[in-house]
Amino acid sequence: MASGSAIQIPSRLPLLLTHEGVLLPGSTMRTSVDSPRNMQLVRSRLLKGTSLRSTIIGVIPNTSDPTSDCDDLPSLHRIGTAALAVQVVGSNWPKPHYTLLVTGLCRFQILQLLKEKPYPVAEVEQLDRLEQFTNQHKSEEELGELSEQFYKYAVQLVEMLDMSVPAVAKLRRLLDNLPREVLPDILTSIIRTSNQEKLQILDAVRLEERFKMTIPLLVRQIEGLKLLQKTRKPKQDDDKRVVAIRPARRINHIPSATEDEEEEEDHDDVVMLEKKIRTSSMSEQALKVCLKEIKRLKKMPQSMPEYALTRNYLELMVELPWNKSTKDRLEIRAARILLDNDHYAMEKLKKRVLEYLAVRQLKNNLKGPILCFVGPPGVGKTSVGRSIAKTLGREFHRIALGGVCDQSDIRGHRRTYVGSMPGRIINGLKTVGVNNPVFLLDEVDKLGKSLQGDPAAALLEVLDPEQNHSFTDHYLNVAFDLSQVLFIATANTTATIPPALLDRMEIIQVPGYTQEEKIEIAHRHLIPKQLEQHGLTPQQIQIPQVTTLDIITRYTREAGVRSLDRKLGAICRAVAVKVAEGQHKETKPDRAEVAEGEDCKEHITEDAKTESISDTADLALPPEMPILIDFHALKDILGPPMYEMEVSERLSQPGVAIGLAWTPLGGEIMFVEASRMDGEGQLTLTGQLGDVMKESAHLAISWLRSNAKRYQLTNASGSFDLLDNTDIHLHFPAGAVTKDGPSAGVTIVTCLASLFSGRLVCSDVAMTGEITLRGLVLPVGGIKDKVLAAHRAGLKRIIIPQRNEKDLEEIAMNVRQDLTFVMASCLDEVLNAAFDGGFSVKHIVERLNSKL
Ligand code: ADP
């Protein structure tokens, strides 16, 4: 029966022997495989084969294959079904076996068995045609009436089923569309038939015979259904309802109504998604990938985990702002006003930002350096970034990088990874919805490194203008153009920024504020902001400048203004309570008493309570007198001052000197203490010191030992050998903080000189500078922050290296006026300035003597 135009099955087929179920052409069957021959066939043919041909096997029904390998092959059924193995699933439990999903293609007949082991292979002859159903009309004519009769029964049977079940409707459509000759096989496998009957149909090679045999089976099914309907008649309505509500499956493999509806709904969603993809303005490459994915999605059952993943991916791709941007409205004059309005002081930073913006206005190109603001916390780095976005009219997004130690945080996880998601850059773009936002990369100095790769390396690609137009996030797996994004970075220190990253950025130092600047910032920006946040008006609360200064000096010790802001917030909260309670009238005049005694306070509260109850109408009115925050109120609200001027107290004995240190949090003053005791000339250093600092200590001792005679420095027993029978202990307080750097050199020398000479260091002097063995003083960094810290602490004289003189220009005039600077180029000058009346008296006397 094989015709020339038909698709041919191979002439040699491996045979799968089944003993359960009969596979008919056009139907699909799941069969379990565990006998040795069949297992061999699956292993060496299906699992190893690579071509489509190798997945075609012959299924011989009703033959059980003996379990033992050595037994002879049983007699085989003559006719079988060539089948396509669609799926193979292996399992080891309870015993090794495979489950095969096979779809019948056509009948074949065994001509000759070619081999039996390891699995049977036979030469076969194809019996049915396998073609593109072109001869439909011909076959209809040939079979004429028989086929017509069969068709009528088939339609009658299908119509007896519930047509509201979509699968039944589908079957009805199939009846019209499929060629008649394949229908007997398909219907036989659907209706209730025994294996024996199926076998008969399989053996009916002639089509006419097949029709003839199937008709009685159909009639039997129809009669059966009629009988069933009769017995159920009264309940029919209920039954239908149940069908509609609960998915009851009428026929095997026919999905229930609700399932299908859901599927349909979902299909609508997928169609919508496809439409969105096509109308979105994504790049060509992305569009190609998306269309491929949506094609896969359409074929995927919804229950597959990959379905949700693919959908999420496609939804993200649609949402990304491939081509959406805001229009820049940049006007330098307006930008200057805006920056000035938002921020007080920070002139250098504002100047550089304006330059940057001006260049952008003239040349509409982003290929400039990436600005990186470096400074202590709370000096306004983030808020300047926000202002830049505002002046440009762009969206602003902050990406916190502190503690990020996995490069997939930046670049995303591949989609094969469980729980994969895009990196922060792509996520940020999705959030802002435009492709030209201002991204603030916060805390780049706190990037970590781990086994999961180096996030700094991933950032390099993001920040490089030459590369970032085709940034490929692992999750997206297609390039996204980041060239329109304006990146700004912030850091507390440059020391921990990876050098390659540092190289891509232009560092702008943002130093801490002076007390005067802080007062201005507080009154211009922080207080109005806090008042607004707490629903207060300037008529209700008054914070004079002396109070602000008190907060700055006695309640905070910081380079920025963050804790100042918090303290002001605390004051506003306290005042808000008073205003809300209507207590302001009473507390104000009695303020002095409040601070005086606990009893008194209670008394006032009692009074206030009765007053507030009797005079509730007053609550809505603004208070006549604003609540004045004076020193007593401050103490009431914030508690006793946290920082006292302790400088003079600490310098009441020899062996203490004040140094200036720089930390990522700003400048600090540091007390260096030394003591000596009987011992064997050992030096002990405490206070978590780094290697460089330890070396400075050794340098200082060596220099003092070599100059002991000149300065008349002696140990306890009067010897010029300072370490003879003497141990020295040097301590740098705040032992919990690691300290390193060479700038404590001069302080250590001064401290030890004080110890060995028994003289007190001036209590208003602070110093910084690196030393050499020859006694020279070398320049150090962070002068501005250090000077501000000294000024904050109320010190008056500051000794700095001569070569740092130029750094003083950056310091505000009013601070400079308050302080006396001593420029030292050698240790003699340092010691002279640190001790009242100078230090090198002996030296002069010696020189005079030698003249005599
Ligand atoms: P950073 O990012 O440097 O740690 P922020 O930008 O978060 O600091 O600033 C903390 C707060 O201080 C913000 O509310 C900011 O508005 C305010 N601030 C800091 N500096 C200034 C300034 N020069 N003028 C006005 N407000 C400032």
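This is a predicted model, so every value here is computed, not measured. (Residues numbered from 1 in each chain as written. Predicted model: local features only at pLDDT ≥ 70, side-chain atom pairs only at ≥ 80, totals over all residues. Heavy atoms only, no water.)

### Overview of the sheet that holds strand E24 (residues 820-824)
Think of a sheet as strands paired side by side through backbone hydrogen bonds, with each pair either parallel or antiparallel. Here 7 strands make up an open sheet; going across it, the order is E18-E19-E17-E16-E20-E23-E24 and the pairing mixed. Both outer strands of the open sheet, strand E18 (683-686) and E24, are each paired with one neighbouring strand and no more. Neighbour to neighbour, the strand axes of the sheet diverge by 25 degrees on average, direction disregarded. Sheet analysis places strand E16 (residues 656-663) next to strand E17 (residues 666-678), joined by 8 bridges and oriented antiparallel. (Pairing = 2+ DSSP bridges. Helix = DSSP H or I, 4+ residues; strand = E, 2+ residues; numbered from the N terminus. Axes fitted to C-alpha atoms, helices over the stretch in contact; angles between N-to-C directions.)

### Quick notes on the packing of helix H28 (residues 745-757) against helix H31 (residues 827-834)
Relative to each other, H28 and H31 sit at 55 degrees, their axes nearing to 10 Å. Looking at the two axes, H28 sits oblique to H31. In terms of crossing hand, the pair formed by H28 and H31 is right-handed. For the pair H28 and H31, the contacting residues are Val746, Val749, Thr750 and Ala753 in the first and Leu827, Val830, Leu831 and Ala834 in the second. (Parallel < 35°, antiparallel > 145°, perpendicular 65-115°, else oblique. Left-handed = near helix turned anticlockwise from the far one by under 90°. Contact = heavy atoms within 4.5 Å.)

### A closer look at the sheet that holds strand E12 (residues 486-491)
Read across the open sheet, the 5 strands follow the order E8-E9-E12-E7-E13; overall the sheet is parallel. With partners counted over all chains shown, the strands left at the sheet margins are strand E8 (396-400) and strand E13 (505-509), one partner each. Sheet twist, expressed as the mean angle between neighbouring strand axes with direction ignored, is 25 degrees. Sheet analysis places E8 next to strand E9 (residues 438-442), joined by 5 bridges and oriented parallel. Pairing of histidine 397 across the sheet is with phenylalanine 439, part of E9. Across the sheet, helix H15 (residues 424-432) lies against E8, E9 and E12, angled at about 155 degrees from E8, the strand it touches most.

### Here's the deal with the packing of helix H26 (residues 691-706) against H28
Taken N-terminus to C-terminus, the directions of H26 and H28 make an angle of 45 degrees; their axes are 9 Å apart at the nearest point. As judged from the angle between their axes, H26 and H28 are oblique. Seen from above, H26 lies across H28 with right-handed handedness. Taken together, the residues of H28 that come into contact with H26 (itself represented by Met693, Ser696, Ala697, Ala700, Ile701, Trp703 and Leu704) are Gly745, Ile748, Val749, Leu752 and Ala753. The residue inventory of the contact of H26 with H28, partitioned by class, reads 10 nonpolar, 2 polar and no charged. (Nonpolar A, V, L, I, M, F, W, Y, C, P; charged D, E, K, R; others polar.)

### Brief notes about the environment of tryptophan 322
Along the polypeptide, tryptophan 322 turns up in the loop between helix H10 (305-319) and helix H11 (332-342). C-alpha separation for the pair tryptophan 322 and lysine 430, spaced 108 residues apart in sequence, amounts to 9.9 Å. Apart from residues no more than four positions distant in its own chain, tryptophan 322 is found in contact with Ser281, Met282, Ser283, Ala286, Met317, Asn435, Val478, Ala479 and Phe480.

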